[in-house]
Amino acid sequence: NLKNKIIMACTALLEVEEDCLNNIGSVTQFLYVDQSDIDETETVVSSDGIITAMESATVPQSIVVKKNASSYVESEKIDLEAGSNYIEGTANISLKHRNAAKSKAIRIAAEGQRKLAIFIKDGNGHWWYLPNMQLSGNEGGSGANKAEGSKYDLTFMGEYEKLAYEVQASVITALLA
């Protein structure tokens, strides 16, 4: 009898504890490298979802971010009918002062819709790994008056299987060495 059949979940539920830590938003650092340069076979994720080891064939590049000018969000897309889940990640970076060097770096990051591995440090001091991101938008120009200045607003988007993994600071230090 199908009515009496018990369907077991794949994984046991875990408690989500309340903490008393301060919670600060914004992006304070932004690093990126070609996704193909990340050696996935050397990436170690601990049982609590923190990357404890990772190797890259090249040193990640940085985008200097200004206070209160950048963010990232993740949205889990759950299709109950199809039984599929994936994460849609978006990182928005606002760069002040347009110039040729920034324009060149942006063009290269967008070449061929290349996939990028992005590392973001949030306002709480945690690093996060967003895989397979692509530069999907570049908007900006000069403001209408002097106080507005000029800028680039970059949008990076990607789809991946799990929420961003936290990355130990020592892993970031090793990637930058």
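This text goes with the structure placed above it.
Residues numbered from 1 in each chain as written. Predicted model: local features only at pLDDT ≥ 70, side-chain atom pairs only at ≥ 80, totals over all residues. Heavy atoms only, no water.

Caption draft 1: Looking closely at the pattern of salt bridges. Under the defined criterion, the tally for this structure stands at three salt bridges. For Asp-34, the salt bridge goes to Arg-114, with nearest N and O atoms at 2.7 Å. Here Asp-34 is found in strand E1 (residues 27–34), whereas its partner Arg-114 is found in the loop between helix H1 (100–110) and strand E7 (116–122), with 80 residues between them in sequence. Glu-111 serves as the salt-bridge partner of Arg-114, at 3.4 Å between the closest nitrogen and oxygen. Taken together, the shared-partner salt bridges in this structure form one network comprising Asp-34, Glu-111 and Arg-114. (Salt bridge = Lys/Arg side-chain N within 4 Å of Asp/Glu carboxyl O. Helix = DSSP H or I, 4+ residues; strand = E, 2+ residues; numbered from the N terminus.)

Caption draft 2: How the structure looks around unusual backbone geometry. Of note in the backbone geometry, Asn-68 takes a positive phi value of approximately 60° without being a glycine. Judged by relative accessible area, which is 62%, Asn-68 ranks as exposed. Phi is positive for His-97, which is not a glycine, with a value near 65°. Examined against the element boundaries, His-97 turns out to sit in the loop between strand E6 (84–96) and H1. The exposure class of His-97 is exposed, given its relative accessible area of 53%. (Buried < 20%, exposed > 50% of the residue type's maximum accessible area, 1.4 Å probe, protein only.)

Caption draft 3: Layout of helix H2 (residues 169–176). Taken together, the buried positions of H2 are Val-171, Ile-172 and Leu-175. For H2, the angular spread of the buried residues around the axis is 100°, confining them to a single face. Seen from the open side of H2, the exposed residues pointing more than 90 degrees away from its buried face are Thr-173 and Ala-174. Taken together, the buried residues of H2 touch E1, strand E3 (50–56), E7, strand E8 (127–142) and strand E10 (165–167). (Arc of directions from axis to C-beta. Contact = heavy atoms within 4.5 Å.)

Caption draft 4: Quick look at the nonpolar core. The biggest cluster of nonpolar side chains holds 23 residues, and the ones touching the most others in it are Phe-30, Ile-63, Ile-93, Ile-118, Leu-130, Leu-154 and Phe-156. Those elements that place two or more of their residues in this core are E1, E6, H1, E7, E8 and strand E9 (150–160). If near-sequence neighbours (up to four positions away) are discounted, Ile-63 is found in contact with Phe-30, Tyr-32, Ile-93, Leu-95, Leu-154 and Phe-156. Leu-31, Ala-117, Phe-119 and Leu-175 belong to the second largest nonpolar core, which has 13 residues in total. (Core = buried A, V, L, I, M, F, W, Y, C linked by side-chain atoms within 4.5 Å.)

Caption draft 5: The environment of Glu-42, seen in detail. Considering the arrangement of structural elements, one finds Glu-42 in strand E2 (residues 38–45). A relative accessible area of 36% means that Glu-42 is categorised as partly exposed. Separated by 47 residues in sequence, Glu-42 and Gly-89 have C-alpha atoms that sit 23 Å apart. Sequence-distant contacts of Glu-42, that is, excluding residues within four places in its chain, are made with Ala-53, Met-54 and Glu-55.

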